[in-house]
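Listed below, chain by chain, are the residues.
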Amino acid sequence: MHKTIVSDTSCFIVLDNIGELEILKLSYGNILTTQDVADEFGKGLPQWVEIKSPLDKQFQKELELELGKGEASAIALAVEIKDCTVILDDLKARNIAEKLKLDITGTIGVIIKAKNKNIIPSIKPYLQKLKNTDFRLSSILEELALRESGEI
């Protein structure tokens, strides 16, 4: 059985903005998210995204003291699922998830995964598409992604 994948809002928004939401499904299969994330996304999510609520609402509320609702709910849900990876782009959310010993990836990680699974031939066009949006992609992160995907 493969890992369960929980996604925060940013991955959905970013991939949708570049017209590449489908690589999320092709890379991981079905994705879990929360109603808070779905609400933040603001439009219908594909059928392969399942909405699930974290059971520990109090823990989510505590996380909301430092994070947005979507990030807090995604982390709260991920904590409750054994063998889970959570997709987060926000640095503060990633740091909190790391302290909770969660397995983390981000939108760039999703694109690298697609390359490594031969879903896409190169990450370069996707990184270029990201640069044409408001997604913050540092030159250091871009270089790391290109190295990890074997493109430099």
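Presented here is an overview of the structure given in this document. (Residues numbered from 1 in each chain as written. Predicted model: local features only at pLDDT ≥ 70, side-chain atom pairs only at ≥ 80, totals over all residues. Heavy atoms only, no water.)

Check the secondary structure of the protein and you find nine helices and five strands. The C-alpha radius of gyration of the protein comes to 15 Å, within 12% of the 15 Å expected for a compact globule of 152 residues. Counting only C-alpha atoms, the protein reaches 45 × 30 × 30 Å along its principal axes. Here the protein holds 152 residues, and 47% of them are scored as buried. Counting contacts in the protein only where the partners sit at least 6 residues apart, residues at least 24 apart contribute 56% of the total. Each charge sign in the protein was given a centre, from 20 positive and 24 negative side chains, and these centres are 4 Å apart. (Helix = DSSP H or I, 4+ residues; strand = E, 2+ residues; numbered from the N terminus. Rg over C-alpha atoms; globule rule 2.2 N^0.38 Å. Buried < 20%, exposed > 50% of the residue type's maximum accessible area, 1.4 Å probe, protein only. Contact = heavy atoms within 4.5 Å. Lys, Arg positive; Asp, Glu negative; His and termini not counted. Charge placed at Lys NZ, Arg CZ, Asp CG, Glu CD.)

The next subject is the pattern of salt bridges. Tallied over the full model, the rule gives seven salt bridges. The partner of Asp16 in a salt bridge is Lys43, and the shortest N-O contact between them spans 2.6 Å. In this pair, Asp16 is assigned in helix 1 (residues 9-17) and Lys43 in the loop between helix 3 (35-41) and strand 3 (49-51), connecting sequence segments 27 residues apart. Classification of Asp16 by relative accessible area gives partly exposed; the value is 26%. (Salt bridge = Lys/Arg side-chain N within 4 Å of Asp/Glu carboxyl O.)

Turning our eyes to something else, we now look at the state of the cysteines. Within this structure, the stated rule accounts for zero disulfides. Of all cysteine sulfurs in the structure, the one in Cys84 sits closest to Cys11, which takes part in no disulfide; the separation is 13 Å. (Disulfide = S-S within 2.5 Å.)

So, on to helix 7 (residues 107-116). Burial analysis of helix 7 places seven of its ten residues in the buried class, which makes it a mostly covered element. Of the positions making up helix 7, those classed as buried are Thr107, Ile108, Val110, Ile111, Ile112, Ala114 and Lys115. Residues of helix 7 that are buried in the fold lie against helix 1, helix 2 (22-28), strand 4 (84-87), strand 5 (103-105), helix 8 (124-131) and helix 9 (139-148). Immediately downstream of helix 7, the backbone of Asn118 shows phi near 60 degrees, a positive value.

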